[in-house]
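Descriptive analysis of the structure
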Amino acid sequence: MNDRAFIVGVDVGGTFTDVFVLDEAAGAVVTTKVPSTRGDQSRGFVQGIAEIVADFAEIGTLVHGTTVGTNALLERKGARTGIITTEGFRDVIEMRRRDRPTTWGLKGGFTPVVERGDRLEVAERVLADGSVFTPVAEDEVRERARALAAAGCEAVCVFFINGYANDDNERRAVEAVRSVWPNAFVTAATEILPEIREFERASTATLNAYLQPVVSSYLERLQQGLDGRGFAGELLIVQSNGGVMSAETARRYPVRTALSGPAAGVIAATAIARAAGFTNIITCDMGGTSFDVSLVADGKATLAAQTAIDFGLVVRTPMIEITTIGAGGGSIAGLDKSGLLQVGPESAGSDPGPVCYGLGNSRPTVTDASLVLGRINADRPIGGKLDRLDIEAARAAIETEIARPLELSVEDAAEAILRLANAKMAGAIRLVSIEKGHDPARFAAMPFGGGGALHTGALIKEVGLGSALVPRFPGVTSALGCVVADMRHDRVQTVNRLLDDIDAEALGRAMLAVAEDTETVLARAGVAFERVDRVFELDMLYLGQTHSVAVPIAIGPGGLDAETVAGAFDAAYRDAFGRLLDGIPKRVMNHRVAVIGRRPALDMQVFAPVDGKSAEHCRTATRRVYADGAYHDAGVYERLGLAVGAVIEGPALLEQPDTTIFVDPGLVAAVDRFGNLVITPGKG
Amino acid sequence: MSGTATVDAVTLAILKGRLEQIADEMDATLFRSAFNPIIAEAHDASHGIYDAATGETLVQGKSGLPIFVGVMAFAVQAVIEKARLRGGIHEGDVWIFNDPYDGGTHLSDFRLVKPVFRDGAVFCFLASVGHWHDVGGNVPGNYNPAATECFQEGMLIPPVKLYDRGAFRQDVVDILSANSRLPMSLYGDLNGQINALELGEKRMHALIDDYGAPTISAALAALKARAAEMMRAQIAELPAGTVSAEDFLDNDGIVDEPLKIALDLTIGDGRMVMDFSRSSPACAGPVNISRATTVAACYVALKHIFGDVPANAGVLEPVEFRIDPGSLLSVTAPKPVGGYTETILRLIDVVFQAIASIAPGPAMACAYGTINALSLAGHRENGQRWVMFSFFGGGHGAHGGGDGLNHGNAPISTATIPPLEILEAAYPVRFTQWALRPDSGGPGRHRGGLGAVYEIELLEKQADVFLFGERGRFAPRGVVGGGDAATNRFTYQQHDGEHRPQMVSKMVGIKLARGQRLRLETPGGGGYGPAFLRPVDEVARDVRRGFVSAEQAAVSYGVAFSANGTVDADATRQLRSREPAT
């Protein structure tokens, strides 16, 4: 083991590639940030690691959070893809669920990722009860496949109606396609998602096919680049569900990487918080255009069953639930036609960015407000792109656009912008906490990304959160998440039968069989686990409903019985809606099995400050900061120099290269033994 | 509500978000716990916060059915009026009713109204409306195209107390249940609506605790004033004068004669007058609507065009309505109103057309303009009754920024369509086609979105078909010189071959036998701008995709193709030099 002592996490974002290296033997951590290489992310990736690790042979495990899949979806840069489907149904992915992008205004459009001409039909049909109405003719399928390949399709998806109930026809068709398809990029819809609902299954499977050539070639280039440097360890990829998978699995199921990057951040936050003694947190990732929040309750991130990457691009695989609102540093403030202040969702992004960047935008943003109020150091911009920020331009923009029309001072106008932005963020936090039945007082906010730590104090006050926990390196959180993520695979199968008609024991055996099969996938990855956990769930509902509740199920040594299932449903339903509906039959829609290989916990002590100094020693300046309608003298501190146990009372500003932390008046910040900053309401 | 306190501009902006969040959360709770797919999947429901004295809409959820945004105020007003005659409003009361003449829309929509008390007085009302699966009447699912009185459409419940000072009245639920073909579904939906109101009350109290009652009251009043101000600002940007638009319904399901919806829209002095006096008188069949519904439909149309107009009664302050009490837009009991969706869609169409003629920028062409409510009902071999009920979609109108959306939902709704796999799993049917319909989008510089083709085969011995549609004779209109879309076309098989419904777009009790099929070909949306100005490469792409046939390309767009499928430039030049066909 000694010759492969390094565990490396790499998160490739739009602007920066973050590398996190853990030297297990020495118990030391080194991080670096290099510019991402557009076009071929694998170059920046390899260079970033090389800055820290001389000999790649010393790397045991390399875990990667990637945005290659996400970007290909958002920018519509996947491969030309064909679909072979049931006669009469080639438009399923284009017709969606007959929705529209916005409730008001009828001006939305949608272009599916597969051209209509590349969606071919074959005579075949399975009915809802699983019976084969029309058997598939392999010859016809082969002919269609040849036509698609000849037309220039690189990948193909086979999707048949009711395949969830019986995939005989679909499997035979997939084999026929494989026999003539020039490469390995053949996706079977029911293999991706054997779940009822044709649009969601077709969309997920089609996007998988669409991503396969892009993600595969990226991972191949990456593997070659690493091999060229002598890497002989395991390459793992972070999935949207917060677990990792082998690179081989990622090549087969690239759609599972759709939210790989953000998931890694949530996983890191969970691990840091757990070590620090916090099991309930709300992560807050603030970027230029958006604010992403995610809830972690009892040490577990919340999973969503599906998400839309963009209108109509639905991916139905379990994903870390991330709620996004349009309130970032670049969000533009203005007045609507009735003179009411608005912040966002329109954003200046990072280019041209806030007024203070001096790159051409003249409408004030959230960052401009923070700058005018003294919360950001004009001479020390984050990100390193600019030398200094133009505070006068920011003042002028706020004065013209907000202060004069509302008859406020520039400071009060700037604070109003922040109050409204904070209120929107608070709304997002309420959405994931109070609306889901959680008491915010039991939760801590954990900001990561560049801008979040300026707003956490306000969020404590606004939503009544118990505290905030600012990790020592908020800027490299996602890369850290790669290192600590468990390996996880989720499987689903539609049942769609009344509980009264189900042989519960057989159902239990089927779920156990899925679990065992999935464990072999884990075993193949060649990664060491502390232990392997199985999570069993049923999607259940009352007869007549269409939305199910997730019902956690324990399968004991005696197997599963109907009474246990009914009891578990009652508990889950009461939890979700308050009242049970006696006398109405219960239905089991799907069974879900997750197998989780727990990787060894990282000792967060490696982040603890060494030779830290007292607060007074770290104080570098005093700055005038405007808050709660008045100017205050706020101490400015070098955050990374602070010793364990250092305590700072607000108002104060803590600076470090990747973020600025604002401790609001009335709040107190203390450095914990891992180097985290814990912010709590003061005694007053 | 006391108007003495004031609220500063920033707090107001924050409270606006908090109040909207309460309404949204009520919506979400009902969607998740409802029993029937019309609420759970199609979101045919809505929640909001209403004025304690006047019942006016103050805040409405963003995810509910758009048409309810305008109509719910009338429902709350009906309860206030009834309570005044029956001993007043008390803490713990919840009222329930579905009277469409008082509260708008149709009998399927059950409204629950709950007062929120603060310091011994009503602070505001919360209300919940949801479309129930079956409320009795002659036709399962309640879209009865042959109704001539509301009694044939379902039970009519006036405002009565579901909770009396906190005590649940099971006898009321017993009456409701006994009058429905699907009492279990009714019971589940009712519980979901109660859940939503209880949650809303809890959240409202928490908000009042945070900010104090006077501040919240002041904020609600200020939001209304600002909504009016915003609408005035929108009107001020329109040119003064009067424009007119007319459109037609195929028939009322009883008498096969067209019905006219006419709008004379006058802008001037910062006000908008919507005069519907030239519209047809009340009709025998169920496409009448109450005045409340008419006002609500106009609100929906305006909000689609001027997106930032808030969901608040203030918006209608600068708008004056002239609606003849004898017209089909202002009926009273017992005139049938079950097909209200068709009439309000046509109202929206005339508003779109009128606005497009004076403000092409924000305008859109007409969407497919019909709800296509299909009810297939029968008995299984074991005698069990089944009712498959769903709405079917069509295309959206084109607009200045691009083509219309293919296969969208109706402008009055945010309904999604149930997955066909769910329908096939629940009912004895097999879909043989579920596809986009070529040549259905209105031609134009920007093309209307495509409608759809749905073909359904019966797998049981026998079933009855009820289908309520429109746009069988009068196509969705294009605007700014754009062409009309394709009309709705229904066909069904019988032992002697294929048939089309007598009333074009409406079918009552047609019997299908095992193996016979029913086919819906739905309209697209209207086009925007002259079709001859559509770039040739965009027409060629439409032809390649099969959205437009070569024939339509030549006739409507003036683009000719040679035998090998490429654009024939010379022939195209020649075609486009002529007057376009319309």
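Per an unreviewed UniProt entry, chain B goes by the name Hydantoinase B/oxoprolinase family protein and belongs to Nitratireductor arenosus.

Looking at an unreviewed UniProt entry, one finds chain A named Hydantoinase/oxoprolinase family protein and attributed to Nitratireductor arenosus.

So, the overall build of chain A
A count of helical and extended segments in chain A gives 17 helices and 35 strands. Radius of gyration (C-alpha) of chain A: 26 Å, near the 26 Å computed for a compact globule of 684 residues. Each of the three principal axes of chain A carries a C-alpha extent, and together these read 80 × 65 × 55 Å. Sorting the 684 residues of chain A into buried and exposed places 56% on the buried side.

With respect to the overall build of chain B
Within chain B, the regular secondary structure consists of 13 helices and 20 strands. Against the 2.2 N^0.38 benchmark of 25 Å for 582 residues, chain B shows a C-alpha radius of gyration of 24 Å, consistent with a compact globule. Counting only C-alpha atoms and orienting by the principal axes, one finds that chain B spans roughly 80 × 65 × 40 Å. Every one of the 582 residues in chain B was classed for burial, and the buried ones make up 61%. Expressed as a percentage of contacts within chain B between residues at least 6 apart in sequence, the contacts between residues at least 24 apart total 74%.

Considering the UniProt feature "domain: Hydantoinase B/oxoprolinase" (unreviewed entry) in chain B
With numbering matched to this structure, UniProt assigns "domain: Hydantoinase B/oxoprolinase" (unreviewed entry) to residues 8-530 of chain B. With 30% helix and 25% strand, residues 8-530 of chain B has its two end C-alpha atoms placed 49 Å apart.

A few points about the nonpolar core
With 402 residues, the main nonpolar core has V156, V158 and I417 of chain A together with V351 of chain B as its most contacted residues. Per element, the largest residue contribution to this core is 14 residues, and it comes from helix α12 (residues 410-432) of chain A.

Some points on the domain arrangement of chain B
Once the domains are mapped, chain B shows domain 1 (9-229), domain 2 (364-438 + 448-525) and domain 3 (536-577). For domain 2 of chain B versus domain 3 of chain B, the separation of C-alpha centres amounts to 29 Å.

A closer look at the sheet that holds strand β29 (residues 619-627) of chain A
Residues and elements named next belong to chain A. Pairing in this open sheet of four strands is mixed, and the strands run β29-β30-β32-β33 from one edge to the other. The two strands at the open ends of the sheet, each matched to only one other strand, are β29 and β33 (659-663). Going from strand to strand, the sheet's axes swing by 25° on average, the running direction of each strand aside.

Observations concerning the interface of chain B and chain A
Facing 64 residues of chain B, the contacting portion of chain A comprises 54 residues. With ten residues, the single largest contributor to the side of chain B that touches chain A is helix α1 (residues 9-33) of chain B.

Some thoughts on the UniProt feature "domain: Acetophenone carboxylase-like C-terminal" (unreviewed entry) in chain A
The UniProt feature table records "domain: Acetophenone carboxylase-like C-terminal" (unreviewed entry) at residues 509-674 of chain A. For the annotated span residues 509-674 of chain A, helix accounts for 22% and strand for 40% of the residues, and the straight-line distance between the end C-alpha atoms is 45 Å.

Re the domain arrangement of chain A
Segmentation of chain A into domains returns domain 1 (2-72 + 217-260), domain 2 (79-210), domain 3 (487-598) and domain 4 (622-681). Between domain 1 of chain A and domain 4 of chain A, the C-alpha centre-to-centre distance is 34 Å.

A short note on the packing of helix α1 (residues 41-50) of chain A against helix α7 (residues 198-228) of chain A
Residues and elements named next belong to chain A. Running from N to C, α1 and α7 cross one another at 30°; their axes reach a closest spacing of 9 Å. When the interaxial angle is binned, α1 and α7 end up roughly parallel. Where α1 crosses over α7, the two elements pack in a sense that is right-handed. Listed contacts from α7 to Q41, S42, F45 and V46 of α1 are Y218, R221, L222, G225 and L226. Class assignment for the residues of the contact of α1 with α7 results in five nonpolar, three polar and one charged.

Focus: the UniProt feature "domain: Hydantoinase/oxoprolinase N-terminal" (unreviewed entry) in chain A
UniProt tags residues 8-179 of chain A as "domain: Hydantoinase/oxoprolinase N-terminal" (unreviewed entry). Taken end to end, residues 8-179 of chain A comprises 27% helix and 28% strand; its first and last C-alpha atoms sit 39 Å apart.

Remarks on the packing of helix α4 (residues 138-151) of chain A against helix α5 (residues 168-180) of chain A
Two quantities define a packed helix pair, namely the angle between the axes and the distance from one axis to the other. All names here are of chain A. Two numbers describe how α4 lies on α5: the axes approach to 8 Å, and their chain directions differ by 45°. The orientation of α4 relative to α5 falls into the category oblique. α5 is crossed by α4, and the crossing has right-handed handedness. In contact with E138, V141, R142, A145 and R146 of α4, α5 contributes R172, A173, A176, V177, S179 and V180. The residue makeup of the contact of α4 with α5, split by class, is six nonpolar, one polar and four charged.

Considering helix α16 (residues 562-577) of chain A
Residue and element names in this part refer to chain A. The end-to-end C-alpha distance of α16, which contains 16 residues, comes to 22 Å, matching closely the 22 Å that a straight helix rising 1.5 Å per residue would cover. Residues V565, F569 and Y573 constitute the buried set of α16. Around the axis of α16, the buried residues are gathered within 60° of arc, so they sit on the same side. Seen from the buried face of α16, the exposed residues on the opposite side, beyond 90 degrees, are E563, G567, R574 and D575. Packing partners of the buried residues in α16 comprise α15 (504-524), β26 (531-542), β27 (549-553) and β28 (586-598).

A few points about the sheet that holds strand β5 (residues 121-131) of chain B
Residues and elements named next belong to chain B. Across the sheet, seven strands lie side by side as β2-β1-β5-β4-β3-β6-β7; this open sheet has antiparallel pairing. Both edges of this open sheet fall to β2 (57-60) and β7 (167-168), since each of them pairs with a single strand only. Of the strand pairs in this sheet, strand β3 (residues 94-97) and strand β6 (residues 160-164) are connected by three bridges, and their pairing is antiparallel. Of the residues in β6, the one forming a bridge with I96 is V160.

Things to note about the pairing of strand β12 (residues 373-379) of chain B
Residue and element names in this part refer to chain B. Of all seven residues in β12, six are buried, a share of seventy percent or more. Note: β12 against strand β13 (residues 385-391), seven bridges, orientation antiparallel. Paired with A373 across the two strands is F391, which belongs to β13. For β12 and strand β16 (residues 462-468), the ladder comprises five bridges, and the chain directions are antiparallel. Bridge pairing in β16 places A373 opposite F468.

Quick notes on helix α13 (residues 456-463) of chain A
Because each turn of an α-helix spans 3.6 residues, side chains separated by three or four positions in sequence point in the same direction. All names here are of chain A. Taken across its eight residues, α13 has seven buried, putting it largely inside the fold. Among the residues making up α13, those that are buried are T456, G457, A458, L459, I460, E462 and V463. One or two residues past the end of α13 sits G464, with phi positive at roughly 75°.

Definitions and cut-offs
Residues numbered from 1 in each chain as written. Chains lettered and ligands numbered in written order. Predicted model: local features only at pLDDT ≥ 70, side-chain atom pairs only at ≥ 80, totals over all residues. Helix = DSSP H or I, 4+ residues; strand = E, 2+ residues; numbered from the N terminus. Rg over C-alpha atoms; globule rule 2.2 N^0.38 Å. Buried ≥ 20, exposed ≤ 12 C-beta atoms within 10 Å, placed from the backbone. Contact = placed C-beta atoms within 7 Å. UniProt positions renumbered as here; feature names shortened; annotations may be inferred. Core = buried A, V, L, I, M, F, W, Y, C linked by C-beta atoms within 7 Å. Domains from an automatic or database assignment. Pairing = 2+ DSSP bridges. Axes fitted to C-alpha atoms, helices over the stretch in contact; angles between N-to-C directions. Parallel < 35°, antiparallel > 145°, perpendicular 65-115°, else oblique. Left-handed = near helix turned anticlockwise from the far one by under 90°. Nonpolar A, V, L, I, M, F, W, Y, C, P; charged D, E, K, R; others polar. Expected span 1.5 Å × (residues − 1). Arc of directions from axis to C-beta.

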